[in-house]
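The lines below spell out each chain.
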Amino acid sequence: MPDNPRNSPVSLLPRPGEVTADGSEGLALDAATRISADQAAGPTLTWLRRELGAATGLPLSIGHEQDARIRLSVDPTAGLGEEGYRLIVDTEGAIVVGHDPAGVFYGAQTLRQLLPADAYRDAPVGEASDRWKLPSVRVTDAPRFRWRGVMLDIARHFQPKREILRFIDLLALHKLNVLHLHLSDDQGWRVEIRRYPKLTEKGSWRTESQVGMTKPPVFDGRPHGGFLTQDDIREIVAYAAERHVMVVPEIDVPGHSQAAIHAYPELGEVGEIPVGTRWGIFDEVLAVTDHVLDFYKNVFDELIELFPSPYVHVGGDECPKTQWKNSESAQQRIREEGLADEDELQSWFIRRLGDHLTERGRRLLGWDEILEGGLAPGATVLSWRGEEGGIAAARAGHDVVMAPTATSYLDYKQSESPDEPVPVGTLLRVEDVYAGDPVPSDLTEKEAEHVLGAQVNLWTEHIDTPRRLDYMVFPRLSAFAEKVWSTHERDYAEFEPRLVHHLGRLDAAGVEYRPMDGPRPWHSRPGVQGWG
Ligand code: ACM
């Protein structure tokens, strides 16, 4: 009889290193089941009790090591590797040992996946029954890459704090560990900066938004805006840290800066400009003056206070040089600094910010355009225009994170169907995200050590609601998660039934993923953003 993957006892995603399941009786959870943890595993104990307690309605009282059926601990001497864990379930109990606190958290995530999909609900459905059974299993697991990331653009369309928290939970469910927040762009500034209040007072709202990609452009006539307060950021960072997700802030300079220039016109080359309402690449860029450098150093100083991440992203992408070619101050800077051209001017500007971050013990991260005109010392490169930037940076001895458009841009269309909402970019199906290796094959083993990992990017020009966000992100993110976590050779035919099983978890969690067999007609309605 063919296995129904939704009923399969051990169907885990991302696929763990080693799984042995003998099909024998496992552990049933009931009202008497107690749970214990050593001190280092304490935060995971709190998380697991809250999540499983909500879904099952069981008290999962805290017990002692002797009487607890579920036991969590951290043991760096267990030979499990960074972020690794071992999970053993038999009739006696379930034991999770992590190499470190992250490892025990991932072990607990795997334990949750061993339960029925209803373990992902926020409240029990029907009677508490005998269905809360863990199969007998032994799992040994550790991730392939240490950077398993997602970029979320909250500049084009703002996502409020509650959605970002939900998104962090969904990352953690997939054992992803980096949330890169794109906090500023032409169309909006999204983080409170105490020293420069106009950034959010003026820069966080635009009068309307372009809808779709028609020529001539069509606008919705509705204001759009919002921003995260510094308290919101502290809450997001703490929530993410509990789930072993590092939040990396990005303020995009010196292009993509219209919202900041609208707030403080002296930052730009041409005086007053509105917050952008169209999507694209625009000539309005920052001036390369001492005033602008000081302004952004102050902005980054406040960000550093809020975000403990060792990496701070300064953007650097898509900066047209037209205004600098015609700018007296830019040309004077080029002459004074002995720079060859406007590319070197951008590089000079990024290096100044890099030095500033380095002095404060942080590392500069930037899109691969920061290679043009020379890389700042110690910079980490996010390779998006194919693999070339990543290859060049790794060969030059810099760390890189791979996010080439062809496999990593979750705003790209998922099929050629006319019902696909605002189809941009090249075709990027689940299997396309799953395929390909994050490490470029051109790199030697030594050079490949600079590949920290990979991330997918979610640009939100055409994603104005959490519902559409879910549609674009899932289940492609599930495929990506396996690519960056699992050390197994990937085989889509082997993966697909596990993905189908996994969709049951996403259903229970209320995720409105794109159906595997394609969009429904209501997923795209001309002239309407999002649903309903
Ligand atoms: C980018 O997609 N502009 C980094």
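Here the structure is a predicted model, which is why all the values come from computation and not from measurement.

**A look at unusual backbone geometry**
No. 1: Residue Pro216 is bonded to the preceding Lys215 through a cis peptide linkage, with omega at -5 degrees.
No. 2: Inspection of the secondary structure assignment puts Pro216 in the loop between strand 14 (210–211) and strand 15 (218–219).
No. 3: Residue Glu83 is not a glycine yet carries a positive backbone phi of 65 degrees.
No. 4: Along the chain, Glu83 falls in the loop between strand 4 (70–74) and strand 5 (85–89).
No. 5: Relative accessible area serves as the criterion here: at 12%, Glu83 is assigned to the buried category.
No. 6: At Lys175, a position not held by glycine, the phi torsion is positive, near 60 degrees.
No. 7: On the secondary structure map, Lys175 appears in the loop between helix 3 (161–173) and strand 10 (178–182).

**Details of helix 2 (residues 101–113)**
No. 1: For helix 2, spanning 13 residues, the distance from its first C-alpha to its last is 19 Å, which sits close to the expected 18 Å at 1.5 Å a residue.
No. 2: By the criterion of burial, helix 2 is predominantly enclosed, with 12 of the 13 residues buried.
No. 3: Along helix 2, the residues classified as buried are Ala102, Gly103, Val104, Phe105, Tyr106, Gly107, Ala108, Gln109, Thr110, Leu111, Arg112 and Gln113.

**Looking at empty space enclosed by the protein**
Sizing a probe to match a water molecule and rolling it over the atoms shows the empty space that remains.
No. 1: Scanning the entire structure with this criterion turns up 2 cavities of 30 Å³ or more.
No. 2: Here the largest cavity defines a volume of roughly 50 Å³.
No. 3: If you go around the largest cavity, the residues you meet are Asp411, Pro421, Val422, Val424, His462, Ile463, Arg468 and Met472.
No. 4: Each residue belonging to the lining of the largest cavity can be placed in one class, and the counts come to 5 nonpolar, 1 polar and 2 charged.
No. 5: Those elements giving two or more residues to the lining of the second largest cavity turn out to be helix 3 and helix 15 (466–473).
No. 6: Looking at the lining of the second largest cavity, its residues break down into 5 nonpolar, 1 polar and 2 charged.

**Points about the pattern of salt bridges**
No. 1: Applying the stated criterion across every chain, the model contains 36 salt bridges.
No. 2: Residues Lys321 and Asp343 are paired through a salt bridge, measuring 3.7 Å at the closest nitrogen-oxygen approach. Placement of Lys321 in the loop between strand 18 (311–315) and helix 8 (322–325) and of Asp343 in helix 10 (residues 342–359) is noted, with a sequence separation of 22 residues between them.
No. 3: Judged by its relative accessible area of 13%, Lys321 falls in the buried class.

**Digging into the nonpolar core**
No. 1: Among the nonpolar cores identified, the biggest contains 158 residues, and Trp189, Leu199, Ile251, Tyr296 and Leu477 are the most heavily contacted of them.
No. 2: Top contributing element to this core by residue count: helix 7 (residues 290–306), with 9 residues.
No. 3: If sequence neighbours within four positions are ignored, Leu477 has contacts with Val150, Leu171, Leu176, Leu410 and Val456.

**As for the sheet that holds strand 4**
Strand pairing in a sheet is mediated by backbone hydrogen bonds. Such pairs are either parallel or antiparallel.
No. 1: Spatially, 6 strands are ordered 1-8-5-6-4-3 in an open sheet, and the strand pairing comes out mixed. Strand pairing shows two members of the sheet lacking a second neighbour, strand 1 (18–20) and strand 3 (35–37), which therefore form its edges. Put simply, the sheet's adjacent strands are angled 5 degrees from each other on average, direction ignored.
No. 2: Each of strand 3 and strand 4 touches helix 1 (residues 42–56); the most contacted strand, strand 3, lies at about 155 degrees to it.

**Notes on the confidence of the model for the chain**
No. 1: For the chain, the mean per-residue pLDDT works out to 95, and 96% of the residues sit at or above 70.
No. 2: In the model of the chain, strand 14 stands out as the element of lowest mean pLDDT, 94, in contrast to strand 10, which has the highest, 99.
No. 3: When the criterion is pLDDT under 50, residues 528–532 qualifies, and its contacts beyond four places in sequence or with other chains add up to 18 contacts.

**What to know about the packing of helix 7 against helix 10**
Between two packed helices, both the angle of their axes relative to each other and the distance between the axes serve to describe the pair.
No. 1: Axis separation between helix 7 and helix 10 bottoms out at 10 Å; the angle between their running directions is 40 degrees. Comparing their axes, helix 10 and helix 7 come out oblique. Our pair here, helix 7 against helix 10, has a crossing hand that is right-handed. For the pair helix 7 and helix 10, contact is made by Val292, Leu293, Tyr296, Lys297, Phe300, Asp301 and Ile304 and by Trp348, Phe349, Arg352, Leu353, His356 and Leu357, respectively.
No. 2: Its residues assigned to classes, the contact of helix 7 with helix 10 shows 9 nonpolar, 1 polar and 3 charged.

**Things to note about the packing of aromatic side chains**
No. 1: Applying the stated criterion across every chain yields a total of 15 aromatic pairs.
No. 2: Grouping aromatic residues by their ring pairs yields a cluster made of Trp367, Trp384, Tyr409, Tyr412 and Trp459.
No. 3: Arg243 extends its terminal NZ or CZ atom over the ring of Tyr239, reaching a point 3.5 Å from the ring centre.

**Digging into the sheet that holds strand 19 (residues 363–367)**
No. 1: Here we have 8 strands rolled up into a closed barrel, ordered 9-10-17-18-19-20-21-22, and parallel in their pairing. Mean inter-strand twist for the sheet, computed between neighbouring axes without regard to direction, equals 30 degrees.
No. 2: The sheet contact formed by strand 9 (residues 147–153) and strand 22 (residues 451–458) spans 6 bridges and is parallel. Considered in strand 22, the bridge of Arg148 is made with Ala454.
No. 3: Against the sheet, helix 7 makes contact with strand 17 (246–253) and strand 18, and its axis sits at roughly 170 degrees relative to strand 17, the strand it touches most.

**Focus on the side chain of Asn457**
No. 1: With respect to the secondary-structure elements, Asn457 resides in strand 22.
No. 2: Assessed through its relative accessible area of 0%, Asn457 is described here as buried.
No. 3: At 3.0 Å, the side chain of Asn457 and the side chain of Gln455 are in polar contact.

**Details of the side chain of Ser408**
No. 1: Among the structural elements, Ser408 can be located in helix 12 (residues 405–408).
No. 2: Within the structure, Ser408 has its side chain in polar contact with the backbone oxygen of Pro404 (distance 2.7 Å).
No. 3: Contacts of Ser408, omitting those with residues within four sequence positions, involve Ala403, Leu428, Gln455, Val456 and Asn457.

Quick notes on the rules
Residues numbered from 1 in each chain as written. Predicted model: local features only at pLDDT ≥ 70, side-chain atom pairs only at ≥ 80, totals over all residues. Heavy atoms only, no water. Helix = DSSP H or I, 4+ residues; strand = E, 2+ residues; numbered from the N terminus. Buried < 20%, exposed > 50% of the residue type's maximum accessible area, 1.4 Å probe, protein only. Expected span 1.5 Å × (residues − 1). 1 Å grid on protein atoms, 1.4 Å probe; cavity = no way out; pocket = protein on both sides within 12 Å on 5 of 7 lines; lining within 4 Å. Points joined across faces, edges and corners; volume = space filled by probe spheres on them. Nonpolar A, V, L, I, M, F, W, Y, C, P; charged D, E, K, R; others polar. Salt bridge = Lys/Arg side-chain N within 4 Å of Asp/Glu carboxyl O. Core = buried A, V, L, I, M, F, W, Y, C linked by side-chain atoms within 4.5 Å. Contact = heavy atoms within 4.5 Å. Pairing = 2+ DSSP bridges. Axes fitted to C-alpha atoms, helices over the stretch in contact; angles between N-to-C directions. pLDDT = per-residue confidence, 0-100. Parallel < 35°, antiparallel > 145°, perpendicular 65-115°, else oblique. Left-handed = near helix turned anticlockwise from the far one by under 90°. Phe/Tyr/Trp six-rings, centres within 6.5 Å; stacked < 30°, edge-to-face > 60°. Lys NZ or Arg CZ within 6 Å of the ring centre and 35° of its normal. Polar contact = N/O pair within 3.5 Å; in protein donor to acceptor, adjacent residues only side chain to side chain.

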